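Results of the structural survey
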Amino acid sequence: MRIPSSLILFVLLTPWLALRAADSPAPDPFAPYLTGQAPEIIRDVPDAGPPPEGVTVRRVIFRSREDSEIFAVIVTPKAVGKHPGMLVLHGGGGSAEVDKAIAWGQRGYVAVAPDLPGIANPQKLTESKGRWNTMKYGEGRYVASPDATASTLFDAVLAAMQSLYLLRAQPGVDTSRIGVVGISWGGYMTTMVCGLAGDQVRAGFAVFGCGFYEFSSQEPTLQKMPAEERERWLRDLDAGRRAPGIKAAFFTAGAADDFFFWPPAVQATLDAIPGVKNHLYAPNANHKVPLPGGTVFPKTAAEPFVPTPFQPFPTPSGSKANWLGMEVPYFDYYLNGKGEPLPVVTVEKSDDPLVARFQIAAPRPMAKVEVYWATPSTDWMKRVWMPLPATQGANGRYEAKFPAEAASGGDWFVVASDDRPVTVSSDFMHLTPPAPAKTAPAP
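Residues numbered from 1 in each chain as written. Predicted model: local features only at pLDDT ≥ 70, side-chain atom pairs only at ≥ 80, totals over all residues. Heavy atoms only, no water.

Turning our attention to the overall build of the protein chain. On a plain count of helices and strands, the protein chain comes out with nine helices and 18 strands. For the protein chain, the C-alpha radius of gyration of 25 Å lies close to 22 Å, the compact-globule estimate for 443 residues. Looking at the protein chain residue by residue over its 443 residues, the buried ones come to 51%. Considering only contacts in the protein chain between residues 6 or more positions apart, those separated by 24 or more positions represent 70%. Carbon and sulfur atoms provide 57% of the accessible area of the protein chain, an area that totals close to 20,500 Å². Charge separation in the protein chain, taken as the distance between the mean sites of 41 positive and 43 negative side-chain charges, equals 2 Å. (Helix = DSSP H or I, 4+ residues; strand = E, 2+ residues; numbered from the N terminus. Rg over C-alpha atoms; globule rule 2.2 N^0.38 Å. Buried < 20%, exposed > 50% of the residue type's maximum accessible area, 1.4 Å probe, protein only. Contact = heavy atoms within 4.5 Å. Areas by Shrake-Rupley, 256 points an atom, 1.4 Å probe, with all protein chains shown as cover. Lys, Arg positive; Asp, Glu negative; His and termini not counted. Charge placed at Lys NZ, Arg CZ, Asp CG, Glu CD.)

A word on the confidence of the model for the protein chain. For the protein chain, the mean per-residue pLDDT works out to 91, and 91% of the residues sit at or above 70. A low-confidence stretch, residues 439-443 (pLDDT under 50), is modelled with zero contacts involving residues beyond four sequence positions or located in other chains. (pLDDT = per-residue confidence, 0-100.)

The subject of this paragraph is the sheet that holds strand E10 (residues 344-348). An order of E10-E11-E15-E14 is seen for the four strands of this open sheet, with the pairing classed as antiparallel. Looking along the sheet, the strands with just one partner apiece sit at the ends: E10 and strand E14 (391-392). Bridge count for strand E11 (residues 355-361) against strand E15 (residues 397-401) is five bridges, and the pairing is antiparallel. If you follow Gln359 over to E15, its bridge partner there is Arg397. (Pairing = 2+ DSSP bridges.)

For the coordinates displayed, the defined rule picks out 32 aromatic pairs. Between Tyr330 and Phe331 the ring centres are 5.2 Å apart and the planes differ by 85°, which places this aromatic pair in the edge-to-face class. When sorted by exposure, Tyr330 lands in the same class as Phe331, which is buried. Counting every residue linked through ring pairs, the aromatic cluster contains Trp104, Tyr109, Phe205, Phe251, Tyr330, Phe331, Tyr333 and Tyr334. Above the ring of Phe310, the side-chain terminus of Arg107 is found at 5.2 Å from the ring centroid. (Phe/Tyr/Trp six-rings, centres within 6.5 Å; stacked < 30°, edge-to-face > 60°. Lys NZ or Arg CZ within 6 Å of the ring centre and 35° of its normal.)

With that settled, the discussion passes to the sheet that holds strand E8 (residues 249-255). Sheet architecture is open: nine strands sit in the order E1-E2-E3-E5-E4-E6-E7-E8-E9, paired in mixed fashion. Two strands bound the open sheet, and with one partner strand each, they are strand E1 (41-44) and strand E9 (277-282). Across this sheet, the average inter-strand angle for adjacent strands is 20°, counted without regard to direction. Across six bridges, E8 lies against E9 in parallel orientation. Within E9, the residue paired with Ala255 across the bridge is Ala282. Across the sheet, helix H2 (residues 98-106) is in contact with strand E2 (55-63), strand E3 (69-77), strand E4 (83-89), strand E5 (110-114) and strand E6 (173-183); its angle to E3 comes to roughly 25°. On top of the sheet, helix H8 (residues 263-272) reaches E8 and E9; it is set at about 170° to E9, its chief contact. (Axes fitted to C-alpha atoms, helices over the stretch in contact; angles between N-to-C directions.)

In structure tokens:
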């Protein structure tokens, strides 16, 4: 019997094709959805409440993948003309940040705030509908089998990206001036969206959230996954792996004792961003930034109310309007060309291991500069960060001396606040203990 040449060729090529398939990169599960096209709005949701001042508010349901329906609020300034756009992303257990979208709208931004299934509390999603409605909060996140689309985080990222396209499609938006802001899981989402969107976003601000989850409190959870599934999850759903795609100016606000996003994960994410970036670490803080320009707001509004660019109308106010006060000057600089850039702290090489030397490039006077250091510990939430005074020299240069006990090792960073107020930090640095002295070998 004569064997067909096509069958012989197939048998010979099968091992080679298998090797080629193993070597070729896996397709990105988000690729089919990164169309840049605004999602279909299915219907509007009526609102019986009084309209806020200076803006129009539209509540909509748009179609996500398959049978998923996502609620989002669109806030537009009543002033005519083109406006910058702001995508507002809620944190874990939350839902669409309507008040914060209104606050950005009152400052002159077109704002979109969606529900994010997968990080939202399903019990709070009264309008958004999908497979997550029957799940418990947090269920289905750390899943990537058969691929990343099985994870509820995929639904969350997809809803955020479609909301970005919805924002860019609004007639009053200047698409060259788009910002993204989010907290906690929404900070993770901010990093993901900016990485996937590339040059469609000009500025991002992540509060606490980052990537490189293997350096965070979620490392034990990742280790419970089968190795192949874990690698798939990290490749497709970890925000740190998306950070090289960020084209926007980017800021991350971290808490040095955070229960979720530890400093090594924050720093690794920053290191992966190729462009303009800045950050802060809040010492002895967990999911808060008790620093100038941070999460501390006045308890009551001033009487009589005096409009400011930060607070043009009396409501919403304080933490209802922003997670951090310094979000406003940050985005005003990058999206409106107003004000001045944030300070930048650069660590310089020191010939003395017990002396920190750094430079601050700052357009405004510095109000306070300190170095915080802590001895090594695997429990990030229990680290005690001790302040050291910094001495200012010429040309914006500073130095601080560590105590003698720091010679055995530790970690440190700079905290610098200017008079606006805003606060920034240096990179997360390490004190390296000296190498043991060499001794002569025993006879």
